[in-house]
Amino acid sequence: MDDRVVLVVAYDGVELLDIACVTSCLDIANRIGASPPYRAVLLTLGGRAVTCDSGLKLQADEALERFKEPFDTLLVSGGLGHEKAATDRRLVGHVRRLAALARRVTSACTGATVLAEAGLLAGRRVTTHWMYAEQLAANYPEVQVDADPIYIRDGHVATSGGVTSALDLTLSFIEEDHGGALARGVAMGTVAYLQRPGGQSQMSMFVATRLSGDLLVRRVRDHIHSHLNTDLSTPALARFAGVSERHLSRLFLTHVKQTPAQYVRGVRTEAAAHLVVSAELPLAAVARQCGFGSTESLRQAFLDRYGVPPSMYRRERAG
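Criteria and cut-off values
Residues numbered from 1 in each chain as written. Predicted model: local features only at pLDDT ≥ 70, side-chain atom pairs only at ≥ 80, totals over all residues. Heavy atoms only, no water. Helix = DSSP H or I, 4+ residues; strand = E, 2+ residues; numbered from the N terminus. Buried < 20%, exposed > 50% of the residue type's maximum accessible area, 1.4 Å probe, protein only. Pairing = 2+ DSSP bridges.

### Comments concerning unusual backbone geometry
And step 1. Ser-35 connects to Pro-36 through a cis peptide bond whose omega is 5°.
And step 2. By the element assignment, Pro-36 lies in the loop between α1 (16-31) and β2 (38-44).
And step 3. Phi at Cys-109 is positive, roughly 55°, even though this residue is not glycine.
And step 4. As for its position among the elements, Cys-109 is in the loop between β7 (104-107) and α4 (112-117).
And step 5. Among the residues examined, Cys-109 registers a relative accessible area of 5% and is labelled buried.
And step 6. A positive phi is found at Lys-257, a non-glycine position, where the angle reads about 65°.
And step 7. With respect to the element layout, Lys-257 can be found in the loop between α11 (245-255) and α12 (260-278).

See the structure below:
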């Protein structure tokens, strides 16, 4: 193959970002020296235009059912139309046909539903958008669904989480195909978090802070996020909230599924991980800013959450 062809399968109700995160990364890779270059081909049934979730129309490059050329990677995009797409026997059948010829089979977001319907995820560990993970697991009990990671690679099959996770997965493909230097160049071009680890949670604690329906829990969580280097023990948080420690713990277990202490440790660890990568601070300074009592307690928190000490976490994401 002169080009490294990436097939992108779309349908009515597809999410534009699921497509753009992939195709824009591949285009930047080409512009900065990918050899062989990538060629993205948008496939739809009949080669017709499809309407995205946002209402925009996309014109296909070729008909899904007529594509017969050699290619490298097959990607099924996600979107609100994923359930209807999974009921289309022709679409699912041709996805199955092309998957048998692909070096890599992958999905963005809820595109995993189509792969599951095609029988391509049976016995595999996969992810999808966290809002649809329970539904995917219930509909396809033979699939091992993990809602937490931003992407999962199981053999030659890869699945990504919500929307922009497809960008992270594409960066990992570019690194695999062309090396870390080119992948870093693409990340810089997209102003992306460079090589965000696939095991990182889709739902950052900083994003999730507004999800609780309980106003008192939300107020305590906001306080935690803005006062990381202060006393955030359960007694101190209970005093701040004006409730008993027992009541506060009960509220957190109900609405956050964690004790206050577990939540505080997780937020501090996530904040420290951001500083370790983005700021050239000594680890002792990171520990102080994030409320850890010592570099040893920071190290233990990293080992528990990421499986590596902060020094290695920094090297891996810098290199």
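Following the structure, the description resumes.
### Some remarks on the pairing of β7
And step 1. Side chains Arg-104 and Thr-106 of β7 all project onto a buried face; the interleaved residues Val-105 and Ser-107 project onto the opposite face, where all are buried too.
And step 2. Pairing of strand β6 (residues 73-76) with β7, which is carried by four bridges, proceeds in the parallel orientation. Bridge pairing links Val-76 to Ser-107 in β7.
And step 3. In the sheet, β7 pairs with strand β11 (residues 157-160) via three bridges, with the strands oriented parallel. Counterpart to Thr-106 in the pairing with β11 is Ala-158.

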